Amino acid sequence: MKKLVLAALAIGAMAACTKSNVQFDQPGEIAFQPVAQKATKAAVTGPDYPTEAAYNFNVWAWWGAPDAGTEDVSQFTKPYIDKGEFKHKVGNSWRGVQTYYWPTTGSLFFAGYSPADAQGDFDYNLQTKTLIVGGYVQPTELSKMKDLMWFEATAKSHKNNGTDGVPVEFKHALSWLTFKFNIAEGNEPMWTVKKVTLTDIKTKAQFTAQKEGDSKVWSNHKVGGNIEVYNGSLLVDRTISVETSEQEVIVIPQSCAFDAVKLVIDFEQETYVNGVVIPHTKTLALTGAGINDDKWEPGKHYTYTITFKGEEILIAPTVDEWDAVTPGVEIPVSGL
């Protein structure tokens, strides 16, 4: 389905915030040329960054007197753009909702996050190269889930040089879950999945990401409720692994230990006598074989394949880095 995005972004022509005292004469508008590896309904993982307004992104910029190319952020203390929103304009160009222009002197450092309307308090400390997000909220409704991403402070300062832009890279802050169902060899398609629910999912937390050391930490989790992954009538067939929904399940990284989160499956089993249908409810653990110390981690894609077999139901998770080229390694899980 998706792979962790490292979205490569390019900052083309850029501009000054009205709060700045730096003088400029509009030498060129700041524009972005984002590149991702693939885009899907929720997780972003492919060659094209989403052009829809739902994935507008916000940008910080800081001005300093040194010319472009310096890696020293100590002189870049003057805010130039404060969470300015950028949207797709034309072709492969993302420009400010409010037009921003490059300064005529000095250069800029940049950092940013996506989507622009993400729920939380976002701040970036350039001197420590740290993103701080307080009270981030991830909805429980599949249709409202988005792929929270950010790009670190640029490795060096930049100015308008008339080229296509400055490359930056988006990283994933959340965890992406996929659920598939099939039946074991030798069994007939007699199971119909009616409802799939993730229970006790924490939907609010704090996130801190520091560029030095590549530290990514979620903390201060709060329980938000359940996620209805699927509700319908899905006949499970052994010929193909069937995904429960085209919508992506994107959650805040958190414990997936059995005492923290459970997967509840409501299904029907057709008997061998006159087509009688028996309803069942099964509760499964998502921990795998100690997978990631029983925690979902930022930027990883977890695929859970649930297999029906006679009286036994098996679950086998796999893990992919969103930006990985090769598939994740399957992790064996004992039958339940």
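The coordinates are above.
Attention in this report is confined to the structure presented alongside it. Counting from 1, residues in each chain are numbered in the order their sequence is written. Confidence filtering applies because this is a predicted model: local features only for residues at pLDDT of at least 70, side-chain atom pairs given and counted only at 80 or more, and all residues used for totals across whole chains, interfaces and linings. Here the side-chain values reflect all heavy atoms present in the structure, with hydrogen atoms and water set aside.

A closer look at the overall build of the protein
Rules: Strands here mean DSSP runs of E at least two residues long; helices mean DSSP runs of H or I at least four residues long; both are numbered from the N terminus. A simple rule labels every residue: compare its accessible area, found with a 1.4 Å probe on the protein chains alone, to the largest value its type can have, and call it buried under 20%, exposed over 50%, or partly exposed in between. In what follows, a contact means two residues having at least one pair of non-hydrogen atoms within 4.5 Å. All accessibility values rest on the Shrake-Rupley procedure with a 1.4 Å probe; residue burial counts only the protein chains present in the view.
Counting secondary structure elements, the protein contains 0 helices and 21 strands. The buried share of the protein, reckoned over its 336 residues, is 51%. Taking contacts inside the protein between residues at least 6 apart in sequence as the whole, the part at least 24 apart equals 70%. Approximately 14,900 Å² of the protein is accessible, and the part contributed by carbon and sulfur atoms is 48%.

Section: the pattern of salt bridges
Quick note on the threshold: The term salt bridge refers to a pairing of a side-chain nitrogen on Lys or Arg with a carboxyl oxygen on Asp or Glu at a separation within 4 Å.
For the structure on display, the rule yields 8 salt bridges. Note that Lys 300 and Glu 297 form a salt bridge whose closest N and O atoms lie 2.9 Å from each other. Overall, Lys 300 belongs to the buried group, its relative accessible area being 14%. The class for Glu 297 is partly exposed, based on a relative accessible area of 29%. Via salt bridges that share partners, Glu 152, Lys 171, Asp 214 and Lys 216 belong to a single interconnected network.

Describing the side chain of Thr 307
Cut-off, in case you're wondering: Whenever a nitrogen or oxygen atom comes within 3.5 Å of another N or O atom, the pair is scored as a polar contact, on the condition that within protein one atom can donate a hydrogen and the other can accept it, and that pairs from neighbouring residues in sequence are kept only if both atoms are in side chains.
Positionally, Thr 307 belongs in strand E20 (residues 300-309). At 2.8 Å, the side chain of Thr 307 forms a polar contact with the side chain of Asn 182.

Quick notes on the pairing of strand E7 (residues 93-96)
Defined as follows: Two strands form a pair only when DSSP identifies at least two bridges running between them.
Inspection of the sheet shows strand E6 (residues 78-90) paired to E7 by 4 bridges, in the antiparallel sense. Bridged to Lys 87 within E7 is Arg 95. The loop that links E6 with its antiparallel partner E7 comprises 2 residues; one of these, Gly 91, has a positive phi angle of about 55°.

Section: the nonpolar core
Put simply, the test is: Nonpolar cores were defined as sets of buried Ala, Val, Leu, Ile, Met, Phe, Trp, Tyr and Cys residues, with membership established by side-chain atoms within 4.5 Å.
The biggest cluster of nonpolar side chains holds 33 residues, and the ones touching the most others in it are Leu 177, Phe 179, Phe 181, Val 193, Leu 198 and Trp 296. Among the elements that take part in this core, strand E14 (residues 191-210) stands out by supplying 5 residues, more than any other. When neighbours within four sequence positions are excluded, Val 193 is seen to be in contact with Phe 181, Tyr 230, Gly 232, Ser 233, Leu 234, Val 236, Ile 265, Asp 266, Phe 267 and Phe 308. Within the second largest apolar cluster, 27 residues are counted, among which are Trp 60, Trp 62, Tyr 113 and Leu 126.

What to know about the packing of aromatic side chains
Note the following rule: Classification of ring pairs uses Phe, Tyr and Trp, with its six-membered ring standing for Trp, and accepts pairs whose centres are within 6.5 Å; under 30 degrees between planes counts as stacked, over 60 as edge-to-face, and the remaining range as tilted. As a reminder, the over-ring test applies to NZ of lysine and CZ of arginine, requiring each to be within 6 Å of the ring centre and within 35 degrees of the ring normal.
Taken as a whole and judged by the stated rule, the model has 17 aromatic pairs. Judged by centre distance (6.2 Å) and plane angle (5°), the ring pair of Phe 57 and Phe 86 falls under stacked. Of this pair, Phe 57 sits in strand E5 (residues 57-64) while Phe 86 sits in strand E6, placing them 29 residues apart in sequence. Like Phe 57, the residue Phe 86 is buried in the burial classification. Taken together, the ring pairs connect Phe 57, Phe 86, Tyr 100, Phe 151 and Phe 170 into an aromatic cluster. Sitting over the face of the ring of Phe 258, Lys 262 holds its NZ or CZ atom 4.9 Å from the ring centroid.

Thoughts on the pairing of strand E9 (residues 119-125)
Here 6 bridges tie E9 to strand E10 (residues 130-137), and the two strands are oriented antiparallel to one another. The partner of Asn 125 across the bridge, within E10, is Thr 130. The hairpin turn running from E9 into E10, its antiparallel successor, is 4 residues long, and Lys 129 in that turn takes a positive phi close to 50°.

Spatial relationships are all this shows, so hold off on functional conclusions.
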